[in-house]
Amino acid sequence: MVAAERAALETWLDYHRETLLFKCQGLTSEQLARRAVAPSSLSLLGLVRHMAEVERWWFRRSFDGQADAGDLFCSDEVPDGDFDLAEAGTAEADLATFRDECELARRTASGRSLDETFTSSRGNKGDLRWVYLHMIEEYARHNGHADILREQIDGVTGD
C-alpha cells in the first residue's frame with residue numbers, strides 16, 4: 001500500500017485490466033456476448049471491446065497524438081459499435097485486440113513523464129497522470145458492471 005506515484009498508477013491500472021479479463025475467464029463466446037437486459041446492448045464482450053477502444057483513444061490517439069490509430073469498433077454510422085456490434089463470432093479476436101491495445105498503451109506511456117501534456121480533440125489540456133487516473137476510474141466503473149453481468153451468467157462473483 002506504499003508505492004511511488006508512477007508504480008501505483010501502473011499497478012492499479014494493470015489490476016483493473018486483469019480484473020476485466022478475470023470476469024471473462026472460462027466463459028464461452030456466446031456467454032461473453034450475452035446482453036444484460038433488453039434494450040441494453042451491454043455485455044461482457046461489449047465491455048472488453050469498449051475498453052480496448054478507450055485504451056487506444058486516451059493513450060495512443062490523445063496522449064501520443066497518433067491520429068492514424070482510428071477507431072476499432074465504432075464509426076460515425078455506428079458510434080456505439082463497441083457494444084452494439086459485439087458478437088460471439090468475434091470474441092476471441094476481440095479479446096486479443098484488448099490485450100494488444102493494453103500492451104500498446106503500456107509502450108506508449110513507458111518512459112514518459114506523468115507531467116507530459118497533450119491537447120485533446122475537444123481542445124482540453126491534460127497530462128499523462130490524468131490519463132492514468134481516468135483509465136482507473138473508467139475500469140472501476142465498468143468492472144462493477146462486469147461483476148453483475150458475470151453473476152447473471154453463472155453466479156460467479158468476486159475480484
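Going by the structure above, here's the rest.
Keep in mind that this is a model prediction, so the values were computed, not measured.

**What about the state of the cysteines?**
All chains considered together, the criterion is met by zero disulfides. Here Cys102 stays unpaired: no disulfide links it, and the sulfur of Cys24, its closest cysteine neighbor, is 12 Å away. Taking relative accessible area as the criterion, Cys102 reaches 3% and is therefore assigned buried.

**Quick word on the environment of Asp14**
Take Asp14: it is sitting in helix 1 (residues 5–24). Separated by twelve residues in sequence, Asp14 and Val2 have C-alpha atoms that sit 17 Å apart.

**Topic: the side chain of Thr108**
With respect to the helices and strands, the residue Thr108 is situated in helix 5 (residues 91–109). Residue Thr108 is classed as buried on the basis of its relative accessible area, which comes to 9%. When neighbours within four sequence positions are excluded, Thr108 is seen to be in contact with Phe59, Arg60, Phe63, Asp64 and Gln66.

**Some remarks on helix 6 (residues 128–154)**
Here helix 6 is 27 residues long and its end C-alpha atoms lie 38 Å apart, about the 39 Å a rise of 1.5 Å per residue gives. Positioned one or two residues after helix 6, Gly155 has a phi angle of 85 degrees, which is positive.

**What to know about the pattern of salt bridges**
For the structure on display, the rule yields 19 salt bridges. As a salt-bridge pair, Asp64 and Arg112 come within 2.8 Å of each other at their nearest N and O atoms. Here Asp64 is found in the loop between helix 3 (44–63) and helix 4 (81–84), whereas its partner Arg112 is found in the loop between helix 5 and strand 1 (117–119), with 48 residues between them in sequence. On the accessibility criterion, Asp64 (30% relative accessible area) is partly exposed. Between Glu103 and Arg107 there is a salt bridge, with the nearest N and O atoms lying 3.4 Å from each other. Taken as a pair, Glu103 and Arg107 lie in helix 5 at a separation of four residues, close to a single helical turn.

**Section: helix 3**
A turn of α-helix holds 3.6 residues, and therefore any two residues three or four places apart point the same way. With 20 residues, helix 3 should cover 28 Å at 1.5 Å per step; its first-to-last C-alpha distance of 27 Å lies within 8% of that length. Among the 20 residues of helix 3, 18 are classified as buried, and the element is accordingly described as predominantly covered. Gly65 sits one or two residues past helix 3 and shows a positive phi near 70 degrees.

Parameters and conventions
Residues numbered from 1 in each chain as written. Predicted model: local features only at pLDDT ≥ 70, side-chain atom pairs only at ≥ 80, totals over all residues. Heavy atoms only, no water. Disulfide = S-S within 2.5 Å. Buried < 20%, exposed > 50% of the residue type's maximum accessible area, 1.4 Å probe, protein only. Helix = DSSP H or I, 4+ residues; strand = E, 2+ residues; numbered from the N terminus. Contact = heavy atoms within 4.5 Å. Expected span 1.5 Å × (residues − 1). Salt bridge = Lys/Arg side-chain N within 4 Å of Asp/Glu carboxyl O.

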